[in-house]
Structures are given as C-alpha cells and as structure tokens.
Amino acid sequence: MRKWAVVIITLSAIGVLLLTIGLYVFYNKLYYPALPLDGVSQREAIVMLENSNDNLVLLASDSKTHWYIAPRNTGINVVDNYITELVGQYGWELEQKEGAGLFFTQEGNNLITTTQMWTRNYVLIKIPVSFNK
C-alpha cells in the first residue's frame, strides 16, 4: 500500500511539472521559430501586432535594418502592398518583385526589401533604414 502511495505522488508531481512546462511554453509562444533579430521574443512580437491597428508593426531597428511584422491572413500580395505603401510614402517606387524581394528606386537609388514567412500566420519584413531618409 505504501509503495502505491509513493508511485501516485511521484506520478502526480511529474504530471504537475509537465503541465507547468507546457503552460510556460504555450504562454511565451516558444513553439514558434526563433526570430532573426535580437531583443524581441516570439510572444512580444505577436502581442505588439495584436495590440496595434496598423498593418505593419515595427519590431526592432538597428543601424542598418528595420524589422516589421504583418499578419499573413490576407495573403502575401496584400503584405507586399502594405510594404509598397509604407516605402512609397518616402518617394520610393516599386520596380519589380522577385521572389521574396521587392525592388524600389528613387532618383537613381535602389532599395531592396525582403519578406520572410515566420509562421503560417505571420510575415517578417526587413527594410533598410535608408528608406525614410
């Protein structure tokens, strides 16, 4: 009888531990792939997008790149239109799309933006910082 009590307590403890780990992974969105940028977790990226009314949300910037996130639920062509609108506000004109790259020109200068499927629901966009200068 005493052996069964130890077994039941041990299994209960293991179950509680596994449940706790599972909830932690789910809450922090650790099941999503890693982001290709530093300083923003998977959960923070999704929360930033969900709390915004914008189509594109700035996740992070460094000296060379702005990283944005967009929902993919409307299709990748709609995301491309969002990028074209954002970059177009600064005078850039779309020349062509090739794969995941959008090629823009402005007064002889070139700008290349890229999209990357992060998950089936979210797209990451990489835009050089020079687009809004």
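Summary of the structure given here.

What counts and how
Residues numbered from 1 in each chain as written. Predicted model: local features only at pLDDT ≥ 70, side-chain atom pairs only at ≥ 80, totals over all residues. Heavy atoms only, no water. Phe/Tyr/Trp six-rings, centres within 6.5 Å; stacked < 30°, edge-to-face > 60°. Core = buried A, V, L, I, M, F, W, Y, C linked by side-chain atoms within 4.5 Å. Buried < 20%, exposed > 50% of the residue type's maximum accessible area, 1.4 Å probe, protein only. Helix = DSSP H or I, 4+ residues; strand = E, 2+ residues; numbered from the N terminus. Contact = heavy atoms within 4.5 Å. Arc of directions from axis to C-beta. Salt bridge = Lys/Arg side-chain N within 4 Å of Asp/Glu carboxyl O.

### Focus: the packing of aromatic side chains
Phase 1 of the analysis: Here the structure, examined in full by the defined rule, presents four aromatic pairs.
Phase 2 of the analysis: Measuring from centroid to centroid gives 6.0 Å for W118 and Y122, while their planes differ by 50 degrees, and the two rings are tilted.
Phase 3 of the analysis: Three or more aromatic residues joined by ring pairs make a cluster, and in this case those are Y32, W118 and Y122.

### Some remarks on the nonpolar core
Phase 1 of the analysis: Among the nonpolar cores identified, the biggest contains 16 residues, and L56, I83, V87, I125, I127 and F131 are the most heavily contacted of them.
Phase 2 of the analysis: Listing elements by their share of this core, those giving two or more residues are β2 (65–71), α3 (76–88), β4 (101–106) and β6 (122–128).
Phase 3 of the analysis: No other element matches the five residues that α3 contributes to this core.
Phase 4 of the analysis: Discounting chain neighbours no more than four positions away, the residues touching L56 are Y68, I69, A70, Y82, I83, L86 and I125.
Phase 5 of the analysis: Counting 15 residues, the second-largest nonpolar core is a separate cluster that includes Y32, L37, A60 and W67.

### Some words on helix α2 (residues 42–50)
Phase 1 of the analysis: The complete set of buried residues in α2 reads Q42, A45, I46 and L49. One face of α2 carries all of its buried residues, which in axial projection span an arc of 95 degrees.
Phase 2 of the analysis: The inward-facing, buried residues of α2 contact β1 (57–61), β2 and β6.

### Observations concerning the pattern of salt bridges
Phase 1 of the analysis: The tally for this structure, following the rule as stated, stands at one salt bridge.
Phase 2 of the analysis: Among the ionic pairs, D80 bridges to K97, the shortest N-O distance being 2.4 Å. Of the two residues, D80 sits in helix α3 while K97 sits in strand β3 (residues 93–98), which places them 17 residues apart along the sequence.
Phase 3 of the analysis: K97 gets classed as partly exposed once you look at its relative accessible area, which sits at 41%.

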